[in-house]
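Structural overview for review
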Amino acid sequence: IAHLDSWLLSFGMRLLSGRGDDNKTSSASEVVKSEIDGEFHGWDGETIFKLTNGQIWQQAEYDYDYEYAYRPEVLIYKTAGGYKMKVEDVEDTIYVKRIK
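On a predicted model such as this, the values are computed, not experimentally measured, just so you know.

**Considerations on the packing of aromatic side chains**
Considering all chains together, one arrives at three aromatic pairs under this definition. A network of ring pairs unites the aromatic residues Phe40, Trp43 and Phe49 as a single cluster. Above the plane of the ring of tyrosine 95 lies lysine 84, whose end atom (NZ or CZ) is 4.7 Å from the centre.

**Quick look at the sheet that holds strand β7 (residues 82-87)**
In spatial order, the strands read β1-β6-β7-β8-β4-β3; together these six strands make up an open sheet with antiparallel pairing. Among the strands making up the open sheet, the edge pair consists of β1 (32-35) and β3 (48-50). Averaged over neighbouring strand pairs, the angle between their axes works out to 35° when direction is ignored. Both β7 and strand β8 (residues 93-98) contribute to a ladder of four bridges, which runs antiparallel. Bridge pairing in β8 places tyrosine 83 opposite valine 96.

**Quick notes on unusual backbone geometry**
The phi torsion at arginine 71 lies on the positive side, around 55°, for a residue other than glycine. Residue arginine 71 is classed as partly exposed on the basis of its relative accessible area, which comes to 33%. Of note, aspartate 89 is a non-glycine position whose phi angle comes to about 65°, a positive value. Here aspartate 89 lies in the loop between β7 and β8. Look at aspartate 89 and you get exposed, because its relative accessible area is 65%.

**Considering a nonpolar patch on the surface**
There is a patch of nonpolar side chains on the surface, built from Tyr62, Tyr64, Tyr66, Tyr68 and Tyr70 and spanning about 700 Å² of accessible area. Structurally, tyrosine 66 can be placed in the loop between β4 (56-59) and β5 (69-70).

**Focus: the side chain of glutamine 55**
Note on placement: glutamine 55 falls in the loop between β3 and β4. Of note is the side chain of glutamine 55, whose polar atom sits 2.9 Å from the side chain of tryptophan 57.

**Quick look at the pairing of β4**
Summarising the sheet, β3 and β4 pair through three bridges and their orientation is antiparallel. The partner of lysine 50 across the bridge, within β4, is isoleucine 56. Taking the residues between adjacent antiparallel strands as the criterion, β3 and β4 are bridged by five residues, where glycine 54 takes a positive phi near 95°. Examined bridge by bridge, β4 and β8 share three bridges and lie antiparallel to one another. In the sheet register, tryptophan 57 faces β8, and the bridge partner there is arginine 98.

Rules used throughout
Residues numbered from 1 in each chain as written. Predicted model: local features only at pLDDT ≥ 70, side-chain atom pairs only at ≥ 80, totals over all residues. Heavy atoms only, no water. Phe/Tyr/Trp six-rings, centres within 6.5 Å; stacked < 30°, edge-to-face > 60°. Lys NZ or Arg CZ within 6 Å of the ring centre and 35° of its normal. Pairing = 2+ DSSP bridges. Helix = DSSP H or I, 4+ residues; strand = E, 2+ residues; numbered from the N terminus. Axes fitted to C-alpha atoms, helices over the stretch in contact; angles between N-to-C directions. Buried < 20%, exposed > 50% of the residue type's maximum accessible area, 1.4 Å probe, protein only. Patch = residues over 30% accessible without salt bridge, like charges linked within 9 Å, V, L, I, M, F, W, Y side chains within 5 Å. Areas by Shrake-Rupley, 256 points an atom, 1.4 Å probe, with all protein chains shown as cover. Salt bridge = Lys/Arg side-chain N within 4 Å of Asp/Glu carboxyl O. Polar contact = N/O pair within 3.5 Å; in protein donor to acceptor, adjacent residues only side chain to side chain.

Below, the structure written as structure tokens:
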């Protein structure tokens, strides 16, 4: 995750502490740092991503990318166009919207 932290910090963003209670205290302007809860199979249009911190996000743009990982780390951060999700070891990012 160190390379992802460096990548985000280069844009001047602040990471959350990673504590389990982040979902209670996070606001829309913070960066979410968590893991996919279980298996990750990429995205294919309207994919829903359940995170280990209790949050649920959904793909917000059409794109297809197949990857497989078990509990990869994710970073979700706000951009001018909405929220983007970066999944550990996946080159592409995807726009997402929070549904829970």
